[in-house]
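# Fold and geometry: a report
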Amino acid sequence: MSLELKSANKVFGGWTKHYSHHSDRLNCDMRFAIYLPPQTAQGQKVPVIYFLSGLTCTDENFMHKAGAQRLAAELGIALVAPDTSPRGDDVANAETYDLGQGAGFYVNATEAPWNRHYHMYDYVLKELPRLIEETFPVSDQRSIFGHSMGGHGALVLALRNPERYRSVSAFSPICNPVNCPWGRQAFSTYLGDDRGAWEAYDASLLMRETDGGLPTLVDQGEADDFLDEQLRPGALEAAAEASGYPLTLRRQEGYDHSYFFISSFVDDHLRFHALHLDR
């Protein structure tokens, strides 16, 4: 699979690089960012943490704003951040910010015209890791985290595929999308009217029915404007209590939905994942 390097910046002894490539699963060109820590220059294969961004974001937001590279360099962990949706002139789009390009919701769309390109679930689960592991000096040890829409995606991917990941975490995830406006709009558009299809992408419903589970950390800001209507962390807490799922959900007083919040706690998440990647 051919990669085109778009930018490269040395940081904390490693490199943050942005690439484009053709995705067979999404039927378009895609972008991703990768941070390769200094250990890779010494021939060491390192584990990978995937970060899934939220609505309107690209492959750039996390790498530019989260401040994660310093600790990733110290821990010897690669970071990968894909774009949030397929993009291009022939890719279906919507006029609203919370649907279409920039709002893939990490599902496999079944409804036309979205089903031609919008298969972010498969892309993140299979195609992108295969590309990363075949191209870069990384191991097959993976963890995953994300923010908002990306927090939803990270939780769903880990809940449905625990054998693929060592741990999962999220900042301000959309916890119960079948019962919030963002989720209902996206799922009805991408997946149609079948509520069963919706439920397969709802972290709270999946967690309630899961035996065992991966170590899971969630941080939620208490001053988040989307807290009650869109994010619904209480549903995730209730699901974990019902099933005995190993969830740690921390409510952080005064923090909002922004990258100021993410950058305040990203080191906690990297150390959390490093602990489980080192098992």
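Our subject is the structure listed above.
Read on for a plain summary of the structure.

Scoring rules and cut-offs
- Within each chain, residues carry numbers counting from 1 in the order of the written sequence.
- Two thresholds apply to this predicted model, a pLDDT of at least 70 for residue-level local features and 80 or more for giving and counting side-chain atom pairs, whereas whole-chain, interface and lining totals are computed over all residues.
- In computing side-chain properties, one takes all heavy atoms of the structure into account and sets aside hydrogens as well as water.
- Put simply, DSSP marks the helices as runs of H or I at least four residues long and the strands as runs of E at least two long, and each gets a number from the N terminus on.
- Partly exposed describes any residue whose relative accessible area lies between the buried limit of under 20% and the exposed limit of over 50%, with all areas from a 1.4 Å probe on protein chains only and scaled to the type maximum.
- In this description, contact between two residues means that some pair of their heavy atoms is separated by no more than 4.5 Å.
- Each accessible area is a Shrake-Rupley result for a 1.4 Å probe, and residues are judged covered by the shown protein chains and nothing else.
- Positive: Lys, Arg. Negative: Asp, Glu. His and the chain ends are not part of the count.
- By convention, the charge on Lys lies at NZ, on Arg at CZ, on Asp at CG and on Glu at CD.
- The criterion for strand pairing is that DSSP finds at least two bridges linking the strands in question.
- Structural elements are reduced to axes, namely lines fitted to C-alpha atoms, with helices fitted over the stretch in contact, and the angle between N-to-C directions of any two is expressed from 0 to 180 degrees.
- To define a nonpolar core, start from buried Ala, Val, Leu, Ile, Met, Phe, Trp, Tyr and Cys residues and group those joined through side-chain atoms within 4.5 Å.
- The arc under discussion is defined with respect to the helix axis, by the directions toward the C-beta atoms.
- Whenever a carboxyl oxygen of Asp or Glu lies within 4 Å of a side-chain nitrogen of Lys or Arg, that contact is scored as a salt bridge.
- Within 6.5 Å between ring centres, the rings of Phe, Tyr and Trp (the latter by its six-membered ring) count as paired, and their orientation is classed by plane angle as stacked under 30 degrees, edge-to-face over 60, tilted in between.
- Sitting over a ring, as applied to charges here, requires NZ of Lys or CZ of Arg to be within 6 Å of the ring centre and within 35 degrees of the ring normal.

Of regular secondary structure, the protein possesses ten helices and nine strands. When the backbone C-alpha atoms are referred to their principal axes, the protein occupies close to 50 × 40 × 35 Å. Buried residues in the protein amount to 58% of all 279 residues. Counted over contacts in the protein with a minimum sequence separation of 6, partners at least 24 positions apart contribute 71%. Roughly 11100 Å² of accessible area belongs to the protein as shown, and the carbon and sulfur atoms make up 44% of that amount. Of the side chains in the protein, 24 bear a positive and 37 a negative charge, and the two mean positions are spaced by 6 Å.

Before going further, it helps to examine the sheet that holds strand S8 (residues 216-221). Across the sheet, nine strands lie side by side as S1-S2-S3-S5-S4-S6-S7-S8-S9; this open sheet has mixed pairing. Single-partner strands in this sheet number two, and they are strand S1 (3-11) and strand S9 (247-252). Between one strand axis and the next, the sheet turns by 20 degrees as a mean value, whatever way the strands run. Of the strand pairs in this sheet, S1 and strand S2 (residues 14-23) are connected by eight bridges, and their pairing is antiparallel. Considered in S2, the bridge of Lys10 is made with Trp15. Sheet contacts for helix H4 (residues 149-160): strand S4 (46-52), strand S6 (138-147), strand S7 (168-171) and S8; angle to S6, the most-contacted strand, approximately 135 degrees.

Attention now moves to the nonpolar core. Formed by 68 residues in total, the largest nonpolar core has its most connected members in Phe105, Ile132, Ile144, Phe187, Tyr190 and Leu236. If one sorts the elements of this core by residue count, helix H3 (residues 120-135) sits on top with eight residues. The next biggest cluster of nonpolar side chains, apart from the first, holds 25 residues, and it includes Met63, Leu71, Val266 and Leu270.

This part covers the side chain of Ser23. With respect to the helices and strands, the residue Ser23 is situated in strand S2. With a relative accessible area of 0%, Ser23 lands in the buried category. For Ser23, the residues in contact, after removing those within four places along its chain, are Cys28, Met30, Tyr123 and Glu127.

Quick look at unusual backbone geometry now. With an omega dihedral of -5 degrees, the bond running from Ala112 to Pro113 counts as a cis peptide bond. If you check the backbone angles, Phe105 has positive phi at about 60 degrees while not being a glycine. For Phe105, the location among the structural elements is in the loop between strand S5 (78-82) and H3. With a phi close to 60 degrees, Ser148 is a non-glycine residue in the positive phi region. Relative to the assigned elements, Ser148 resides in the loop between S6 and H4.

Restricting attention to buried positions, one finds in helix H9 (residues 233-243) the residues Pro233, Ala235, Leu236, Ala239 and Ala240. Seen end-on, H9 carries its buried residues on one side only, within an arc spanning 155 degrees. Exposed residues on H9 whose side chains face more than 90 degrees from its buried face are Glu241 and Ala242. Phi turns positive one or two residues past the end of H9, at Gly244, with a value near 75 degrees.

Take the pattern of salt bridges next. On inspection of all chains with the given rule, the structure shows twelve salt bridges. The closest approach of N and O atoms between Lys6 and Glu4, which form a salt bridge, is 3.2 Å. Each of Arg31, Asp59 and Glu60 takes part in one network of salt bridges that share partners.

Glancing now at the packing of aromatic side chains. For the coordinates displayed, the defined rule picks out 19 aromatic pairs. Note on Trp114 and Tyr118: the rings are 5.3 Å apart at their centroids and 80 degrees apart in plane angle, and the pair reads as edge-to-face. Of the two residues, Trp114 and Tyr118, both sit in the buried class. Ring-pair connections join several aromatic residues into one group, and the members of that group are Phe51, Phe62, Phe145, Phe171, Tyr255, Phe261 and Phe265. The cationic tip of Arg160 hangs over the ring face of Tyr201; the distance from NZ or CZ to the ring centre is 4.9 Å.

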